[in-house]
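# Architecture at a glance
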Amino acid sequence: MAPERRSELRLVPASKPIDRPRFEDVLVEHLDSLYRTAVRLTRHREVAEDLVQETCLRAFRAYDQLEHPGSARSWLFKILLNIFRNDAKQQKTEFVDLELSEALIASSPLCEYDQHVVFDRLLEDEVEKALESLPDEFRIPIILSDLEDWTMAEIAEVLGRPSGTVASRLFRGRQLLRESLESYARRRGLF
Amino acid sequence: MTCLTVRKILLAGETPQDYLDEQRMQAERHVQDCAECGQFFRKEEEFKLIMRTKVARTLPPASFRENILAAVADERRKSSVLAGRNRVSTKSDEAVGTRIPAATSVRWKKFVIAATVVMILSVTAYLVLPRSAQESDSKMDVAVRTLVQDHLSNRVREHPLDLQTSDYVQLQQWFASRVDFSVRLPRPQSTQLVGGRLCSIGGQRVVSATYLKDSVPVTLYIMDRSALALSWSGEIATIGEKRMYHSGSKGCNVVIWEEQGLIYGLVSELGKELLVGLATHSS
């Protein structure tokens, strides 16, 4: 029998903590984006500040549980959205899982007019009101995708929903928003 | 592959594995060759871009970052203290307990009684005060708060002005095609016109021009009567032919007057006398 080869015995090192950056250093990178999104969600600056503060404190307490500091953005936004949705005063956002269907795409007529000509003459306030009037299930994906430039996969991860559902909500949300803005534009005599 | 199928595949968004996906590559080739699909996706991208430029990027207040970091620092201190306490023997903790010394208890009771009396008096005063004065003032209060809110929130926008210009004629012409009333911008003495924007108040389009007086921004609003429900009571002064209402909110002074069927409002952090002077002596 061959002698035991001690060199093959590997001592398992004692588990060492993940070398993670300081919480505050991770947080400051995303503060402005968290604030902007919170304002869009709550439609109120002071409430948004409170929402972001609560998010930061909960995130701080749970920072050790963050597996990959590189995914801090989606983790922070998940906390933000959970607090927002759980707020008793807010209507619960019903994210019914619904894949993007050809029927939904077919229902949207091809836009024949010059959107720049029509929509550029609308006021920022009018566009913001149209966005704010959307139900949360459409508004949230639009905020994250079109205003904060998130990918479909990132939005799906934050919302905890399949990409297909997010794609469907995004498409339908833009459709509703476009209809709303067309209605504003018609009232103004823009087309 | 039909146009609808292509649109469904491409609208579903990209994943890192897409470069391997033959179906997705076919769909992308289709869009290059199909005029209708090409137009469809161009319009989607255009709409996204319009949304991004139209919807203001809201900037947080100056103290926001500090406040958040202070709150986190506070939380960090608390969790350190808690961690420290957990290591100490519990006997000493029990001795401290939650007993309130007798003297403190008496002072606390006195405070509660005093606070209750103040509350009762406040509620009584509210109920006893004449209603009509309150209701009239509240309409003006709402008007003042609306204008101040717009003045303050506009300052933190990334693009606070639609048109940056010191040329009165150019700005008036710009407004002329955008509102359904005649716009004649006042020229307050010793101020510099900076530019203007359109805003929406009470569902109506409102003209807003920004001036600088000694480097302090002054926002002028001009609107149709229907934009703000006003009731002329409260602090009114009649200066020349103008009947002016003055009030303040959130550190800003506001002067409102009516002229030729239009409502004018000036909002600024300038002092009341200075602002009334600007309103009075505008040519």
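Details of the structure are given in the entry above.
Residues numbered from 1 in each chain as written. Chains lettered and ligands numbered in written order. Predicted model: local features only at pLDDT ≥ 70, side-chain atom pairs only at ≥ 80, totals over all residues.

## Description of the overall build of chain A
- Summing up its helical and strand segments, chain A has 10 helices and zero strands in all.
- Written out in order from the N terminus, the α and β elements of chain A read α-α-α-α-α-α-α-α-α-α.
- Burial statistics for chain A: of 191 residues in total, 31% are counted as buried.
- In chain A, of all internal contacts separated by at least 6 residues, the share reaching a separation of at least 24 is 72%. (Helix = DSSP H or I, 4+ residues; strand = E, 2+ residues; numbered from the N terminus. Buried ≥ 20, exposed ≤ 12 C-beta atoms within 10 Å, placed from the backbone. Contact = placed C-beta atoms within 7 Å.)

## Description of the environment of B:Met1
- By secondary structure assignment, the location of B:Met1 is in the segment before α1 (3–11).
- Leaving out residues up to four positions away in the same chain, B:Met1 has contacts with B:Val6, B:Gln26, B:Ala27 and B:His30.

## Thoughts on unusual backbone geometry
- Positioned with a positive phi, A:Asp149 is a non-glycine residue whose angle comes to about 65°.
- Structurally, the position occupied by A:Asp149 is in the loop between α8 (136–147) and α9 (152–159).
- Residue classification places A:Asp149 among the exposed positions, given that 11 C-beta atoms sit within 10 Å.
- One non-glycine residue, B:Gln260, lies in positive phi territory at about 50°.
- With respect to the helices and strands, B:Gln260 occurs in the loop between β7 (252–259) and β8 (262–268).

## Observations regarding α9(A)
Residue and element names in this part refer to chain A.
- Among all positions in α9, only Met-152, Ile-155, Ala-156, Val-158 and Leu-159 are buried. Buried residues of α9, seen end-on, are gathered within an arc of 165° and therefore sit on one face of the element.
- On its buried side, α9 packs onto α4 (72–86), α8 and α10 (163–187). (Arc of directions from axis to C-beta.)

## Regarding the interface of chain B and chain A
- Listed per partner, the contact involves 36 residues of chain B and 42 residues of chain A.
- Counting only elements with at least two residues in the side of chain B that touches chain A, the list comes to α1, α3 (35–54), α4 (64–87) and β2 (192–201) of chain B.
- Residue composition of the side of chain B that touches chain A, grouped by class: 17 nonpolar, six polar and 13 charged. (Nonpolar A, V, L, I, M, F, W, Y, C, P; charged D, E, K, R; others polar.)

## Quick look at the packing of α1(B) against α3(B)
All names here are of chain B.
- Axis separation between α1 and α3 bottoms out at 10 Å; the angle between their running directions is 30°. By the angle between their axes, α1 is roughly parallel relative to α3. Judged by the twist between their axes, the crossing of α1 over α3 is right-handed. Along its contact with α1, which presents Cys-3, Val-6, Arg-7 and Leu-10, the element α3 presents Glu-36, Cys-37, Phe-40 and Phe-41.
- Residues belonging to the contact of α1 with α3 are distributed by class as follows: six nonpolar, no polar and two charged. (Axes fitted to C-alpha atoms, helices over the stretch in contact; angles between N-to-C directions. Parallel < 35°, antiparallel > 145°, perpendicular 65-115°, else oblique. Left-handed = near helix turned anticlockwise from the far one by under 90°.)

## Here's the deal with the nonpolar core
- Among the nonpolar cores identified, the biggest contains 52 residues, and A:Ala38, A:Val52, A:Leu80, A:Ile155, A:Val166 and A:Ala167 are the most heavily contacted of them.
- Setting aside anything within four residues of it in sequence, one finds A:Leu80 in contact with A:Leu34, A:Thr37, A:Ala38, A:Leu51 and A:Thr55. (Core = buried A, V, L, I, M, F, W, Y, C linked by C-beta atoms within 7 Å.)

## Regarding helix α7 (residues 124–132) of chain A
- Within the sequence span of α7(A), burial applies to A:Glu126, A:Val127, A:Ala130 and A:Leu131. End-on view of α7(A): buried residues confined to an arc of 140°, all on one side of the axis.

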